[in-house]
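# Structural overview for review
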Amino acid sequence: MTPNKGRMRWHCRRALLELDLVFARFLENRFDQLSDAQLVDLQDLLDIEDHDLWAMVNGSVPCPEDRWMPLLSMLRDSGTQDDSA
Amino acid sequence: MKIAKHTYDAVIVGAGGAGLRAALQLSESGLKTAVLTKVFPTRSHTVAAQGGVAASLGNSTEDNWHWHMYDTVKGSDWLGDQDAIEFMCRKANEVVVELEHYGMPFDRLDNGKIYQRPFGGHSQNYGQSPVSRSCAAADRTGHAMLHALYQRNVRAKTQFFVEWMALDLIRDADGDVVGVTAMEMETGEVSIFHAKAVIFATGGAGRIYYSSTNAFINTGDGVGMAARAGVPLEDMEFWQFHPTGVAGAGVLITEGVRGEGGILRNAAGERFMERYAPNLKDLASRDVVSRSMVTEINEGRGCGPDKDHVLLDITHLSPETIMKRLPGIREISIQFAGIDPIKAPIPVVPTCHYQMGGIPTNYKGQVVAPKGDNSNTPVTGFYAAGECACASVHGANRLGTNSLLDLLVFGKSAGETVVEDIQSGNLRLKPLPDNAADFSLARMARLENQKDGTNVHEVRLAMQRTMQKHAGVFRFSELLQQGVTAILEVAEQAKTTEIKDKSMVWNTARMEALELDNLIEVAKATMISAEARKESRGAHVRDDAPDTPEFPNGRRDDEWLKHTLWYSEGNRLDYKPVNLQPMSESVDPIALATRTY
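Residues numbered from 1 in each chain as written. Chains lettered and ligands numbered in written order. Predicted model: local features only at pLDDT ≥ 70, side-chain atom pairs only at ≥ 80, totals over all residues.

## Some remarks on the overall build of chain A
- Along the backbone of chain A there are five helices and zero strands.
- Reading the helices (α) and strands (β) of chain A from amino to carboxyl end gives α-α-α-α-α.
- When burial is assessed residue by residue, chain A has 31% of its 85 residues classed as buried.
- In chain A, once contacts between residues fewer than 6 apart in sequence are set aside, the share between residues at least 24 apart is 68%. (Helix = DSSP H or I, 4+ residues; strand = E, 2+ residues; numbered from the N terminus. Buried ≥ 20, exposed ≤ 12 C-beta atoms within 10 Å, placed from the backbone. Contact = placed C-beta atoms within 7 Å.)

Rendered as structure tokens:
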């Protein structure tokens, strides 16, 4: 089942500012282009604890699931100013 | 329109540390308890707290609560109420040990006791030497605390309403609080929560500033709701800032960067700290560095197209040193400033971190307001704890590790008081007023039907820029005066916000508009309270109240040793005395003195 996109947008509100900022750019630049399969992956990613997710986004711990790699790379890239234009 | 109604013994708004601790007290006492939270409990901002929780356990170095009390009063620059501070410091060991029993994975000493580490401002023997008082779970203390409390609440059968946003307090004709209205985000429908007691534990409102370390959820919802319901806000001019947040993002760059040799520079590339602190330069204390940065920006030497930040330069360090010693900082700079600090300096600006003021309470967690001759009359049915409340233990400045302690002690205390008040029969379920939801429904209808209105993002940005410029870490008389006019203009724009997306289900645009209604109350309270307080004290530092022999640090106890109370209606200010008397007769007050470290 495709997740509700409004609900997912709200779940991009996090406990840590670092992730809020990453997700704000991601929502603006990438979210609307995600496939249904990617939305399901994102849903799983959003269930991860904030400190662990931030560590995955900033690369200080390796990503445990290959299928999350493209999303993590999107989160990283859409989190930089250079890319937002 | 028919409105759903839920009835509970107690309703708690907010599921961070304070809300969860209060809920546990109620549920374990067998009271029917609902917790409303706009995000899942373990996504609350308490997660971000790293430093630890203060308690004078004395496991690593000799310690006692009298010393902790002294440090807290001094840290507060004597604006904290000494009865509440005594209460908090005496209760610290109890609440930390309780948490240990709930399964909190504290770091340990070899002998199995909780490991404690030193933290700024905490001392042995009344300021003589540093003490190890902070209990931590690695660098995830807040996270571990939330999980321990959440699990315990699940066991105690606390009922959570997750992704519900509280809208307004419901007060009856006597002024007593009898419930709240709330919107379920999944449906957009408004319900009434009717209860004997309402506890607010909604956290701070750091998002009123352009540069803030706070997560986006920190929109001061409880503080705004209290203000709209006629409850005054206490000491809202006091906000703790950190000197170096990434400009435009707010993410903290730790002091360690300057410790490793980082240099602050203005638009001309000048190492300006040499002028302000010739000896310590970039390693001067937080407030000196912050003030110097703001002076550079205000005098036109800021960097960037808006000249609104300065630069933190580590390009003279070798890439190897940066990669080895500061890898996290490099990542933050690349992510949030788009700059690799090996190649170019990081744009930084003083950044808002913590709200010292809030909804006035006593140490029992009861919300208090002036009535007749008593400036601390409890508002029946209304309680608050944590960053949204002002007990007041932090006064004009908070010590690190005292915020997690605050939410444990006063979350528990508010819960205990509610249990006592209900079990003694003092609190009963009063009837709802006929028009209980009308105010909230009118707000929702206004937003729904607004034509040719203002844009939520633009108004929020205008508010944040105004607060940053006019009521930042270092305050100027003229800027504050202009700031009052400016923020009242922004508040007018906030009255006519318009959302294009009218859908009822998971409408984040509507949420943001409702959050802005809360933020703007906090912003007005802050600006107006700050403009009025014509002294420097703790985190409130004014250019026209400098350090002089007659008034060290610019503090004016002759006129300003008092709490500010701001009322939303008419932006009226009132004041009440600071309680310099500890709770127990056997405890000596901490006498007024100059705050120096």
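## A look at the overall build of chain B
- Per the secondary structure count, chain B includes 16 helices and 22 strands.
- Computed over the C-alpha atoms, the radius of gyration of chain B is 23 Å, within 12% of the 25 Å expected from 2.2 N^0.38 for a compact globule of 597 residues.
- Across the 597 residues that make up chain B, the buried fraction comes to 57%.
- Taking as baseline every contact in chain B between residues at least 6 positions apart, the subset at least 24 positions apart corresponds to 74%. (Rg over C-alpha atoms; globule rule 2.2 N^0.38 Å.)

## Overview of the interface of chain B and chain A
- Between chain B and chain A, the residue contacts involve 27 residues of the former and 20 residues of the latter.
- A per-element tally of the side of chain B that touches chain A places helix α10 (residues 327–337) of chain B first, with four residues.

## Examining the packing of helix α13 (residues 456–470) of chain B against helix α15 (residues 508–532) of chain B
Residue and element names in this part refer to chain B.
- Packing of α13 against α15 leaves a shortest axis separation of 10 Å and a crossing angle of 25°. In terms of their interaxial angle, α13 and α15 are classed as roughly parallel. Here the hand of the crossing between α13 and α15 comes out left-handed. For the pair α13 and α15, the contacting residues are Val-456, Val-459, Arg-460, Met-463, Met-467 and His-470 in the first and Ala-509, Glu-512, Ala-513, Leu-516, Leu-519, Ile-520, Ala-523, Thr-526 and Met-527 in the second.
- Each residue belonging to the contact of α13 with α15 can be placed in one class, and the counts come to 11 nonpolar, two polar and two charged. (Axes fitted to C-alpha atoms, helices over the stretch in contact; angles between N-to-C directions. Parallel < 35°, antiparallel > 145°, perpendicular 65-115°, else oblique. Left-handed = near helix turned anticlockwise from the far one by under 90°. Nonpolar A, V, L, I, M, F, W, Y, C, P; charged D, E, K, R; others polar.)

## Focus on helix α4 (residues 50–57) of chain A
- For α4 of chain A, the buried fraction is high: six of the eight residues fall into the buried class.
- All buried positions along α4 of chain A are accounted for by Asp-50, His-51, Leu-53, Trp-54, Met-56 and Val-57 of chain A.
- As for α4 of chain A, its buried residues are in contact with α2 (17–29), α3 (36–46) and α5 (69–77) of chain A together with α4 (141–155) of chain B.
- Looking one or two residues past α4 of chain A, Gly-59 of chain A carries a phi angle of roughly 85°, positive in sign.

## What to know about the nonpolar core
Residues and elements named next belong to chain B.
- Core analysis: the biggest nonpolar cluster contains 200 residues, and Val-11, Ile-199 and Ile-359 have the highest contact counts within it.
- Broken down by element, the residue count for this core peaks at 12 residues, all from α15.
- When neighbours within four sequence positions are excluded, Ile-359 is seen to be in contact with Phe-200, Gly-222, Val-223, Ala-226, Val-231, Leu-233, Val-367, Ala-384, Cys-388, Ala-389 and Cys-390. (Core = buried A, V, L, I, M, F, W, Y, C linked by C-beta atoms within 7 Å.)

## Some words on the sheet that holds strand β4 (residues 116–124) of chain B
All names here are of chain B.
- In spatial order, the strands read β3-β5-β4; together these three strands make up an open sheet with antiparallel pairing. Across the chains shown, the open sheet's two edge strands, defined by having one partner strand only, are β3 (53–54) and β4.
- Relative to strand β5 (residues 129–135), β4 runs antiparallel, the two being bridged by five bridges. Note that in β5 the partner of Ser-123 across the bridge is Pro-130. (Pairing = 2+ DSSP bridges.)

## Some points on the sheet that holds strand β22 (residues 572–577) of chain B
All names here are of chain B.
- Pairing in this open sheet of three strands is antiparallel, and the strands run β10-β21-β22 from one edge to the other. Whereas interior strands pair on both sides, the edge strands pair on one side only; in this sheet they are β10 (233–234) and β22.
- Direction of pairing for strand β21 (residues 562–567) relative to β22: antiparallel, over a ladder of six bridges. Within β22, the residue paired with Thr-564 across the bridge is Tyr-575.

## Focus: the confidence of the model for chain A
Residue and element names in this part refer to chain A.
- Mean pLDDT over chain A stands at 88; residues scoring 70 or higher make up 89%.
- The lowest-confidence element of chain A is α5, averaging 92 in pLDDT; the highest-confidence one is α2, averaging 96.
- Every residue in residues 79–85 is under pLDDT 50, and counting partners more than four places away or in other chains gives 13 contacts. (pLDDT = per-residue confidence, 0-100.)

## Observations regarding the environment of Ser-318 of chain B
- Considering the arrangement of structural elements, one finds Ser-318 of chain B in the loop between β13 (310–313) and α9 (319–325).
- Separated by 24 residues in sequence, Ser-318 of chain B and Ile-342 of chain B have C-alpha atoms that sit 7.7 Å apart.

## Some details on the packing of helix α2 (residues 65–75) of chain B against helix α3 (residues 82–101) of chain B
All names here are of chain B.
- Close contact between α2 and α3 brings their axes to 9 Å; oriented N to C, the two are set at 140°. Overall, the two elements α2 and α3 adopt an arrangement that is oblique. Crossing of α2 over α3 shows right-handed handedness. Along the contact surface, α2 presents Trp-65, His-68, Met-69, Thr-72 and Val-73, while α3 presents Gln-82, Ile-85, Glu-86, Cys-89, Arg-90 and Ala-92.
- In terms of residue class, the contact of α2 with α3 is built from six nonpolar, three polar and two charged.

## Topic: the environment of Cys-89 of chain B
All names here are of chain B.
- Position of Cys-89 relative to the elements: it lies in helix α3.
- Note on Cys-89: 26 C-beta atoms within 10 Å, which makes it buried.
- Taking the C-alpha atoms as reference points, Cys-89 and Leu-405, separated by 316 residues in sequence, lie 8.6 Å from one another.
- Contact partners of Cys-89, with chain neighbours within four places excluded, come to Ser-56, Trp-65, His-68, Met-69 and Thr-72.

## Re the pairing of β21 of chain B
All names here are of chain B.
- Two elements, β10 and β21, share two bridges in a ladder whose sense is antiparallel. Bridge pairing in β21 links Glu-234 to Leu-565.
- Hairpin connection, β21 to β22: the antiparallel pair is bridged by four residues, and Gly-570 has positive phi, about 70°.

## Side note on α5 of chain A
All names here are of chain A.
- Of all the residues in α5, the buried ones are Leu-71, Met-74 and Leu-75. Down the axis of α5, the smallest arc covering the buried residues is 100°, so these residues share one side. Turned more than 90 degrees from where α5 packs its buried face, Pro-70 and Ser-73 sit exposed.
- Looking at the buried side of α5, the elements it contacts are α2, α3 and α4. (Arc of directions from axis to C-beta.)

## Some thoughts on unusual backbone geometry
All names here are of chain B.
- In this model, Ala-391 is joined to Ser-392 through a cis peptide bond whose omega is -5°.
- Residues other than glycine seldom take positive phi values, yet Tyr-126 does so here, at roughly 60°.
- Position of Tyr-126 among the secondary structure elements: in the loop between β4 and β5.
- Residue Tyr-126 is classed as exposed on the basis of its C-beta count, with 12 C-beta atoms lying within 10 Å.

## A few points about the pairing of strand β14 (residues 346–355) of chain B
Residue and element names in this part refer to chain B.
- Burial analysis of β14 places 10 of its 10 residues in the buried class, which makes it a mostly covered element.
- Of the pairings in the sheet, the one linking strand β11 (residues 239–246) to β14 comprises six bridges and is antiparallel in character. Across the sheet, Phe-241 pairs through a bridge with Cys-352, a residue of β14.

## Brief notes about the environment of Arg-7 of chain A
All names here are of chain A.
- By the secondary structure assignment, Arg-7 is in helix α1 (residues 5–11).
- Taking the number of C-beta atoms within 10 Å as the measure of exposure, Arg-7 has 16 and is therefore partly exposed.
- Sequence separation between Arg-7 and Leu-42 is 35 residues, and the spatial gap between their C-alpha atoms is 12 Å.

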